[in-house]
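Chain by chain, the residues:
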Amino acid sequence: MYKFSTLRKPFVYFILGGPGSGKGTQCELLSKNLKCVHLSAGQLLRNAISNDSEHKSTIENCINSGRIVPSHVTINLLDKAIFEEQSSETFLIDGFPRNYENMENWIALMDHKITFKSVIHILCSRATMIQRITERSKTSGRSDDNIQTLEKRFITYQNDTYKIIEHYRNRKQLIEINGDNSIETVQGEILESLKKHHSQ
Ligand code: C5P
Ligand code: MG
């Protein structure tokens, strides 16, 4: 068990990519390979729909229209999840920051409490993402895994999230991986790139 002291700042990696790019799948594997904790911003929001009456309708509306939930809601969930977790000092945050509002508020509220490491972007072709979400929709039970919402999620990714990816690329804090390959290949490339990036 690892206990944070007030001075300890947990290490944070962000994992970005379009819908169906494999963020969740790769983070699950990374959490085992690197012995760290996977937090999915989208999953925390979905869980909050059942627990949180105050923001329930805002979250539901955003998810069903592929829009980004106001950052104070998401950051509050991430903050709690990070500082309530005591099994590791390293966190993979999947699906965050999705737009400038997410990023700027994170910097204002969280940057001083954590040690930022890098951003992993899983770059995937639209055809692969559509194929994976179509397959996933058969069992996921997710209200946003349908072709209409998927189109809106692609638009948000292109218009908003891509700017964030470019921001980190310009700062040389971005690791970009081809997500069209097999799960094992993508995982291997992420592990290798992380090693390289952080030994520089
Ligand atoms: O990452 P995931 O596909 O699980 O995200 C599902 C939805 O959750 C997004 O389309 C968006 O509506 C919402 N979300 C958000 N802000 C984030 C992450 C997810 O609003 N940072
Ligand atoms: Mg996911």
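Higher on the page you've got the structure.
Because the structure is a prediction, the values reported are computed rather than measured. (Residues numbered from 1 in each chain as written. Chains lettered and ligands numbered in written order. Predicted model: local features only at pLDDT ≥ 70, side-chain atom pairs only at ≥ 80, totals over all residues. Heavy atoms only, no water.)

Re the overall build of the protein chain
Right, on to step 1. Along the protein chain, the regular secondary structure elements total eight helices and five strands.
Right, on to step 2. The secondary structure elements of the protein chain, listed N-terminal to C-terminal, are β-α-β-α-α-α-β-α-β-α-α-β-α.
Right, on to step 3. Relative to a compact globule of 200 residues, whose C-alpha radius of gyration would be 16 Å, the protein chain shows 16 Å and is just as compact.
Right, on to step 4. Evaluated residue by residue, the protein chain yields a buried proportion of 46% over its 200 residues.
Right, on to step 5. If you take every contact in the protein chain between residues at least 6 apart in sequence, the share linking residues at least 24 apart comes to 77%.
Right, on to step 6. Looking at the protein chain as shown, the accessible area adds up to about 10,500 Å², and 50% of this sits on carbon and sulfur atoms. (Helix = DSSP H or I, 4+ residues; strand = E, 2+ residues; numbered from the N terminus. Rg over C-alpha atoms; globule rule 2.2 N^0.38 Å. Buried < 20%, exposed > 50% of the residue type's maximum accessible area, 1.4 Å probe, protein only. Contact = heavy atoms within 4.5 Å. Areas by Shrake-Rupley, 256 points an atom, 1.4 Å probe, with all protein chains shown as cover.)

Here we look at the packing of helix 4 (residues 71-84) against helix 5 (residues 100-109)
Right, on to step 1. The N-to-C vectors of helix 4 and helix 5 enclose an angle of 50°; their axes lie 10 Å apart at closest approach. Taken together, helix 4 and helix 5 sit at an angle that is classed as oblique. Considering how the two elements wind past one another, helix 4 and helix 5 form a crossing that is right-handed. Facing helix 4, whose interface residues are Ser71, His72, Ile75, Leu78 and Ile82, helix 5 presents Glu101, Asn102, Asn105, Trp106 and Leu109.
Right, on to step 2. Its residues assigned to classes, the contact of helix 4 with helix 5 shows five nonpolar, four polar and one charged. (Axes fitted to C-alpha atoms, helices over the stretch in contact; angles between N-to-C directions. Parallel < 35°, antiparallel > 145°, perpendicular 65-115°, else oblique. Left-handed = near helix turned anticlockwise from the far one by under 90°. Nonpolar A, V, L, I, M, F, W, Y, C, P; charged D, E, K, R; others polar.)

Focus: the side chain of Asn99
Right, on to step 1. Summarising the element assignment, Asn99 is placed in the loop between strand 3 (90-94) and helix 5.
Right, on to step 2. In terms of polar contacts, Asn99 uses its side chain to reach the backbone amide nitrogen of Glu101, at 3.3 Å. (Polar contact = N/O pair within 3.5 Å; in protein donor to acceptor, adjacent residues only side chain to side chain.)

A few points about the site of ligand 1
Right, on to step 1. Arg46, Arg67, Val69, Gly95 and Arg98 are the nearest of the 17 residues found near ligand 1.
Right, on to step 2. Between ligand 1 and the protein, one listed contact pairs an oxygen atom with a backbone N or O atom of Val69 at 2.7 Å.
Right, on to step 3. Separating a nitrogen atom of ligand 1 from a backbone N or O atom of Gly95 is a distance of 3.0 Å.
Right, on to step 4. Relative to its free-state accessible area of 460 Å², ligand 1 is covered by the protein chains to the extent of 96%.
Right, on to step 5. Mapping ligand 1 onto the cavity grids shows that it belongs to the largest pocket. (Near = heavy atom within 4 Å. 1 Å grid on protein atoms, 1.4 Å probe; cavity = no way out; pocket = protein on both sides within 12 Å on 5 of 7 lines; lining within 4 Å. Sits in = over half its atoms within 2 Å of the grid points.)

Section: helix 8 (residues 183-199)
Right, on to step 1. Taking 1.5 Å of rise per residue, the 17 residues of helix 8 would be expected to cover 24 Å, and the 24 Å separating its terminal C-alpha atoms lies within 8% of that figure.
Right, on to step 2. Where helix 8 is concerned, the buried positions are Val186, Gln187, Ile190, Leu194 and His197. For helix 8, the arc enclosing every buried residue in end-on projection is 105°, short of the 170-degree limit, so these residues lie on one face. In helix 8, the exposed residues that point more than 90 degrees away from the buried face are Glu184, Glu192, Lys195, Lys196 and Ser199.
Right, on to step 3. Looking at the buried positions of helix 8, the neighbouring elements they touch are strand 1 (11-17), helix 1 (23-33), strand 4 (115-123) and strand 5 (174-178). (Expected span 1.5 Å × (residues − 1). Arc of directions from axis to C-beta.)

A few points about the sheet that holds strand 2 (residues 37-40)
Right, on to step 1. Strand order in this open sheet of five strands is 2-3-1-4-5, and the pairing throughout is parallel. A single partner strand is all that each edge strand has here, and the edge strands are strand 2 and strand 5. Strand after strand, the sheet turns through a mean of 25° between neighbouring axes, direction not considered.
Right, on to step 2. Helix 7 (residues 147-170) rests against strand 1, strand 4 and strand 5 of the sheet, and its axis sits at about 130° to strand 4. (Pairing = 2+ DSSP bridges.)

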